[in-house]
Amino acid sequence: MRTLISSAFVSLDGVVEAPGGEPGYRNAGWTFKDIEFVPEAYEIKGREQEESTAILMGRLSYEVFSPVWPDREEFAHYKTIPKYVVSTTLTDKDLVSNWGETTILRSLDEVAALKETKGGSIIIHGSATLNRSLSDAGLIDRYHLLVFPLLLGAGKRLFSNTDKDAQKLKLVEYQAFSNGVQKNVFDVVH
Ligand SMILES: NC(=O)C1=CN([C@@H]2O[C@H](COP(=O)(O)OP(=O)(O)OC[C@H]3O[C@@H](n4cnc5c(N)ncnc54)[C@H](OP(=O)(O)O)[C@@H]3O)[C@@H](O)[C@H]2O)C=CC1
Ligand SMILES: Nc1nc(O)c(N)c(N[C@@H]2O[C@H](COP(=O)(O)O)[C@@H](O)[C@H]2O)n1
């Protein structure tokens, strides 16, 4: 089965919304505002890109990434691998034409079926709403979390507040950086 990796910048209180400065959120840009830039903290971003063989996104994250990432040199590998967008509303004509092969999935069952196909790891960035439902459905296998030393309060969260059994995680890689950011890589114990 293919491994599904959830990668996110996250505040200590679990918020993932608007890390890069999207307008309309009071703390937008929290990954770089008042946090010193430490290049080593982002090493995992390059590694996860090289190791991924497909990207999965929620529809709203697709609408954030697709106008920008196809032309960004730093995301060149992502341009070459298949992309999957989960949406009940998107149609093929809404997809951008310069980002390579993109498939719309209509449900979590279709994500589960994708995981059963041949291939390597699949990465999902942000996509808060989709992440929460994937996690609750037991479909995420690994987390790459860069945890920022911030309490952001309001905002979309990576994890749901569903009343459910505990999910155990195994810490497989970690590092703390001089700016207070912590890298935590967890395998989900299925
Ligand atoms: N911290 C980080 O590292 C990153 C954070 N982000 C942040 O994430 C946020 C985007 O996430 P969010 O707004 O939650 O949106 P998502 O990207 O999760 O997209 C939500 C949409 O995806 C579709 N979808 C989600 N779950 C399902 C499902 N189970 N079945 C069918 N369709 C589904 C729906 O589309 P439809 O309505 O078409 O049915 C839904 O409206 C932004 O605020 C962005 O800043 C983004 C990237 C990185
Ligand atoms: N989870 C995650 N991993 C990366 O490698 C990223 N570059 C991002 N970026 C976040 O997604 C939004 C748009 O990205 P760029 O600004 O184009 O990098 C934005 O919110 C970024 O913080 N996310």
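The structure we're discussing is the one just above.
Keep in mind the model is a prediction, meaning the values are calculated, not measured.

Caption draft 1: Focus on the site of ligand 1. Close to ligand 1 lie 25 residues; S87, T88, T89, T129 and K156 are nearest. Between ligand 1 and V86 there is a distance of 3.4 Å, counted from an oxygen atom to a backbone nitrogen or oxygen. T89 is positioned such that a nitrogen or oxygen atom in its side chain is 2.4 Å from an oxygen atom of ligand 1. In isolation ligand 1 exposes 920 Å². Once the protein is present, 86% of that is buried. Within the residue set of the shell around ligand 1, elements represented by two or more residues are β1 (4–11), α2 (59–65) and α5 (128–136).

Caption draft 2: Quick peek at unusual backbone geometry. With a phi angle near 55 degrees, A18 is a residue other than glycine that sits in the positive phi range. In this structure, A18 sits in the loop between β1 and α1 (43–51). Judged by its relative accessible area of 8%, A18 is buried. One non-glycine residue, D34, lies in positive phi territory at about 65 degrees. With respect to the secondary-structure elements, D34 resides in the loop between β1 and α1.

Caption draft 3: Highlighting the packing of aromatic side chains. By the definition in use, this model includes 10 aromatic pairs. With centroids separated by 6.1 Å and ring planes inclined at 35 degrees, the aromatic side chains of Y62 and W99 adopt a geometry described as tilted. In this pair, Y62 sits in helix α2 while W99 sits in the loop between β3 (83–86) and β4 (102–105), placing the two residues 37 residues apart along the sequence. This pair shows no difference in class: Y62 is buried, exactly as W99 is. An aromatic cluster of at least three residues, connected via ring pairs, comprises F9, W30, F37, Y42 and F148.

Caption draft 4: Here's a closer look at the pairing of β1. Of all 8 residues in β1, 7 are buried; the element is thus mostly enclosed. In this sheet, strand β5 (residues 121–125) lies alongside β1 in parallel orientation, the contact comprising 4 bridges. Each bridged residue has a counterpart across the sheet, and for S7 the counterpart in β5 is H125. Taken together, the 7 bridges between β1 and strand β6 (residues 142–148) define a ladder with parallel strand orientation. If you follow V10 over to β6, its bridge partner there is V147.

What counts, and where the lines are drawn
- Residues numbered from 1 in each chain as written.
- Chains lettered and ligands numbered in written order.
- Predicted model: local features only at pLDDT ≥ 70, side-chain atom pairs only at ≥ 80, totals over all residues.
- Heavy atoms only, no water.
- Near = heavy atom within 4 Å.
- Polar contact = N/O pair within 3.5 Å; in protein donor to acceptor, adjacent residues only side chain to side chain.
- Areas by Shrake-Rupley, 256 points an atom, 1.4 Å probe, with all protein chains shown as cover.
- Helix = DSSP H or I, 4+ residues; strand = E, 2+ residues; numbered from the N terminus.
- Buried < 20%, exposed > 50% of the residue type's maximum accessible area, 1.4 Å probe, protein only.
- Phe/Tyr/Trp six-rings, centres within 6.5 Å; stacked < 30°, edge-to-face > 60°.
- Pairing = 2+ DSSP bridges.

Treat this as a map of the structure, not an account of what it does.
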